[in-house]
Amino acid sequence: MSASLRILALISLAAQNVAWPQDPIPRLHVKHRDVIGQRFLGNESHVEHFKLLERATTSILIGARNAIYNISLHDLTEIADQRLQWSSTEAHRQLCYLKGRNDDECQNYVRVFGRQGPDRFLVCGTNAYKPLCRQFTIKDGTYVKKSDMDGLGLCPYDPRHNSTAVFAEGQLYAATVADFSGGEPLIHREKIRTERSDLNQLNGPNFVSSFAHQDYVFFFYRETAVEYMNCGKAVYSRVGRVCQHDKGGPHAFSDRWTSFLKARLNCSVPGEYPFYFNEIQSTSDVTDGRYAGKSARLVYGVFTTPVNSIGGSAVCAFSMDSILEVFQGAFKEQETINSNWLRVLPEKVPEPRPGACVNDSRTLPDITVNFVKAHPLMDDAVQSYFLLPVITKTSFNYRFTKVAVDPQVKALDGKAYDILYIGTDDGRVLKALNTRAPETRSSVGQVIVSDVQVLKFGQAVKDLLVVHLAGEASKLVVFADSEIRAVPLHHCDSPAAATCRSCVALQDPHCAWDATANLCVAVLTKLHDSDADKTLFQDIVTGRHRSCGYEQEMTKPVQPAVAPEIGRDEQPDERDNEIVIELDRENQYGRTQPRANEPQGVTVTPVVYSAQTLTGALIGTCFCSLVAGFAFGFWFSQRLRGTSYPEPSEQRQQLNRLTESSESPGFNNKSINLVLNVPPKNPNGKNANSSAENKPVQKVKKTYI
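Every chain is numbered independently, its residues counted from 1 as its sequence is written. Owing to the predicted nature of the model, reporting of local features is limited to residues with pLDDT of at least 70; listing and counting of side-chain atom pairs is limited to 80 or more, with chain, interface and lining totals taken over all residues. Derived side-chain values reflect all non-hydrogen atoms in the structure, with water molecules and hydrogen atoms excluded from consideration.

The name an unreviewed UniProt entry gives the protein is Sema domain-containing protein, with Ooceraea biroi as the organism. UniProt positions are given in the numbering used here, feature names are shortened, and annotations may be inferred rather than shown by experiment. Per UniProt, the comment on the protein under Subcellular location (unreviewed entry) is "Membrane".

Participant: Can you tell me about the packing of aromatic side chains, naming the residues and giving the values?
Facilitator: Two aromatic rings are characterised by how far apart their centres lie and by the angle between their planes. Centre distance within 6.5 Å is the pairing criterion for rings of Phe, Tyr and Trp, where only the six-membered ring of Trp is used; planes under 30 degrees apart are then read as stacked, over 60 as edge-to-face, and the remainder as tilted. Taken as a whole, this structure holds 22 aromatic pairs when the rule is applied. In this structure an aromatic cluster arises from ring pairing among Trp86, Phe113, Phe121, Phe136 and Tyr143. Comment: the charge-over-ring label is applied if NZ (Lys) or CZ (Arg) is within 6 Å of the ring centre and within 35 degrees of the ring normal. Lying across the ring of Phe327, Arg241 places its NZ or CZ 5.2 Å from the centre. A cation over an aromatic ring shows up here: Arg264 above the ring of Tyr276, its NZ or CZ 4.8 Å from the ring centre.

Participant: Can you break down helix H4 (residues 366–374) residue by residue, with the values?
Facilitator: Note on classification: 1.4 Å probe, protein chains only; a residue is buried when its accessible area is under 20% of the maximum for its type, exposed when over 50%, partly exposed between these limits. Helix and strand labels come from DSSP, where a helix needs a run of H or I of at least four residues and a strand needs a run of E of at least two; each type is numbered from the N terminus. Along H4, the positions that sit buried rather than exposed are Thr368, Val369, Phe371 and Val372. Taken down its axis, H4 places every buried residue within 160 degrees of arc, on the same side. By definition, residues are in contact when any of their heavy atoms lie within 4.5 Å. Those residues of H4 that are buried are in contact with strand S18 (261–266). Each direction from the helix axis to a C-beta atom contributes to the arc, which is the arc of those directions.

Participant: Account for the UniProt feature "transmembrane region" (unreviewed entry) in the protein, naming residues and giving values.
Facilitator: Mapped onto this numbering, the UniProt entry annotates "transmembrane region" (unreviewed entry) at residues 614–636. With 100% helix and 0% strand, the stretch residues 614–636 has end C-alpha atoms that lie 33 Å from each other.

Participant: I'd like a rundown of the state of the cysteines, residues and numbers included.
Facilitator: Disulfides are defined as cysteine sulfur pairs within 2.5 Å. Following the criterion strictly, the structure yields 7 disulfides and no others. Between the sulfur of Cys243 and that of Cys357 lies a disulfide, 1.8 Å long from S to S. Because the torsion about its S-S bond is -95 degrees, the bridge between Cys243 and Cys357 counts as left-handed. Taken together, the positions of Cys243 in strand S17 (residues 235–243) and Cys357 in the loop between strand S26 (342–343) and H4 put the pair 114 residues apart, joining distant regions of the chain. Judged by its relative accessible area of 35%, Cys357 falls in the partly exposed class. The disulfide partner of Cys503 is Cys520, and the gap between their sulfur atoms is 2.1 Å. As the torsion about the S-S bond is roughly 65 degrees, the Cys503-Cys520 disulfide counts as right-handed. Of this pair, Cys503 sits in helix H5 (residues 500–505) while Cys520 sits in strand S37 (residues 519–522); the two residues are 17 residues apart in sequence, bridging distant segments of the chain. Taken as a pair, Cys503 and Cys520 share a single burial class, namely buried. Here Cys624 is not cross-linked by a disulfide; its sulfur's nearest cysteine counterpart is in Cys622, at 9.4 Å.

Participant: Describe the nonpolar core, naming the residues involved and giving the relevant values.
Facilitator: Grouping buried Ala, Val, Leu, Ile, Met, Phe, Trp, Tyr and Cys residues that are joined through side-chain atoms within 4.5 Å yields what is termed a nonpolar core. Counting 38 residues, the largest nonpolar core has Tyr421, Leu464, Leu476 and Val478 as its most contacted members. When residues no more than four places from it in sequence are discounted, the contact partners of Leu476 are Tyr421, Val429, Leu464, Leu465, Val466, Arg485, Ala486, Val487 and Leu489. In terms of nonpolar packing, the next biggest core, distinct from the first, is built from 31 residues, Val208, Val269, Leu324 and Phe327 among them.

Participant: Explain the sheet that holds strand S36 (residues 511–514) residue by residue, including any values.
Facilitator: In short, DSSP must find at least two bridges between two strands for them to pair. The strand order across the open sheet built from 3 strands is S37-S36-S38, with neighbouring strands paired in antiparallel fashion. The open sheet has two edge strands, S37 and strand S38 (536–537), and neither has a second partner. Inspection of the sheet shows S36 paired to S37 by 4 bridges, in the antiparallel sense. Note on S37: the bridge partner recorded for Ala512 is Val521.

Below, the structure is given as structure tokens:
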């Protein structure tokens with residue numbers, strides 16, 4: 001029933017005239033030099049390719065070049081006595097050089113970590129393009145090598161390769177490649193893997209994340225869509241899943257998955273012709289919360305357009321219940337190589353159901369195993385939970401790369417919001433939220449609270465981690481290839497939020513205006529006060545509060561970014577909700593760049609014209625251009641009318657001979673003699689010189705005219 005309701009809602013939304021969502025303008029900008037927080041660089045002599053391996057209570061394990069760092073979350077300093085050094089052997093490096101790789105590539109970059117017990121863990125590294133896994137134990141505070149095993153199919157060859165791995169119930173599940181060139185992708189667990197060279201299962205995938213949920217392990221990736229091959233080439237986002245208790249199939253299928261299925265993830269702007277964000281880049285952890293009055297478990301994903309397309313990024317949310325429901329639906333198949341991909345009829349699906357989790361998969365009949373091998377793709381796509389992207393952004397300067405969630409942050413009105421921290425490929429971190437999430441799923445209120453240049457311009461954000469420590473301010477840990485930074489979760493104390501209006505206009509659940517102290521403060525620091533609701537002002541939906549000088553009629557809700565009634569309601573005035581700090585070249589926005597002669601610290605408010613004003617200006621400009629063009633053309637034709645075109649003398653003489661009479665003065669009156677040879681005719685009417693008579697040529701008469 002719920003699936004049919006969602007389909008009906010999608011159809012009704014697509015039938016309406018839904019416009020492209022307005023790009024939300026960040027309320028606050030922070031330059032790189034103004035960023036405050038801790039920093040960890042590792043070995044600065046080379047690129048470390050940092051990777052987050054494990055999060056503990058007060059520390060994190062970071063995989064790097066020939067080492068694993070144990071970093072304290074209090075101040076991002078290394079716990080030096082707990083560093084694990086692991087370098088490739090000289091023989092492996094020499095073999096790597098023979099493969100044509102340079103010295104930086106022929107190192108051991110740790111990519112995979114799995115804890116097998118309190119004092120025992122498994123680590124895998126690239127090992128100079130020869131993946132290797134090693135088991136360690138901890139004795140008396142030192143790491144002791146236990147055994148080595150081949151890392152083929154568990155760890156990538158290159159640290160830059162898009163691979164993922166997760167440890168579940170003591171077993172390592174990995175999605176990577178199994179050959180040096182990267183042409184053999186696979187999803188692997190000990191002794192079990194996907195089919196080799198089977199485009200129906202994996203077709204050039206780029207894996208982005210994985211996690212265990214209930215009895216399944218889920219993999220998120222993008223790949224070339226096999227169902228679109230007859231129409232061209234396209235990349236689709238996928239979610240695949242396998243059963244944790246899959247033991248392989250019978251007989252020849254003993255080393256193959258019997259439960260691998262996949263489905264498309266639909267992140268798009270709906271309409272008569274939907275606009276798709278087809279390429280998934282990352283996902284968040286599973287988030288529990290209440291949305292539109294119902295409890296749900298959501299996964300937020302970052303999606304982008306292709307690199308050769310319009311620069312667009314979006315964040316969409318997907319319900320775990322919806323994902324599980326799609327995997328219980330119909331399958332998709334292509335009967336022949338020239339056929340379309342269509343839904344498999346229910347009567348063609350064997351029993352027991354292919355892809356289902358069973359106690360012992362080795363007892364499954366061959367018909368079930370063959371069916372799931374040939375039909376891994378589900379017919380239905382997983383729809384976005386809110387039916388619309390939570391955040392959309394079109395920009396030629398950057399794209400989204402990562403997303404992390406601070407879940408269910410309560411505002412002063414008692415409503416809870418998921419705060420999204422979105423990393424970009426040029427070092428920014430955007431703080432965003434959906435202001436309508438507690439009320440509805442049919443529309444979204446897109447708000448970007450802040451835009452912080454955490455990393456130097458050009459460094460991509462590789463990972464994000466929200467950290468809450470007891471007795472300390474919460475922070476966001478930002479990962480790049482050679483740098484780790486910690487920044488505050490909010491910027492309530494920014495000079496640009498020094499007034500009641502500017503503080504409330506942030507629409508940040510973390511911040512509120514303290515009327516007693518006349519400061520913009522963090523909400524959590526005031527929750528213990530009994531009169532907090534009387535002295536703190538906050539409005540997440542509109543960004544305007546009556547106590548900050550706004551009249552009652554001005555405190556109407558801000559229009560959602562994508563609403564069914566677009567075109568009928570008034571557009572919000574962004575000038576009242578925007579706070580801008582002076583930007584440098586690395587943080588440049590054309591609409592918010594201050595003038596050179598403005599004093600420092602002055603809030604710059606950009607001029608934003610309404611659609612009606614721009615339309616009127618365009619029509620007026622076109623009308624004036626037409627009038628001016630007509631006047632200039634008329635004047636130019638009048639100037640040219642009095643000037644005769646020169647005529648060559650020969651052409652003029654020939655024209656005069658044909659048009660003027662011989663009596664006209666000034667012209668040549670010489671008579672023209674036209675001689676016609678008219679042969680005399682025979683009595684029978686034929687010419688005298690007719691070849692048919694074969695007679696000698698006779699004299700002819702000459703007639704002068």
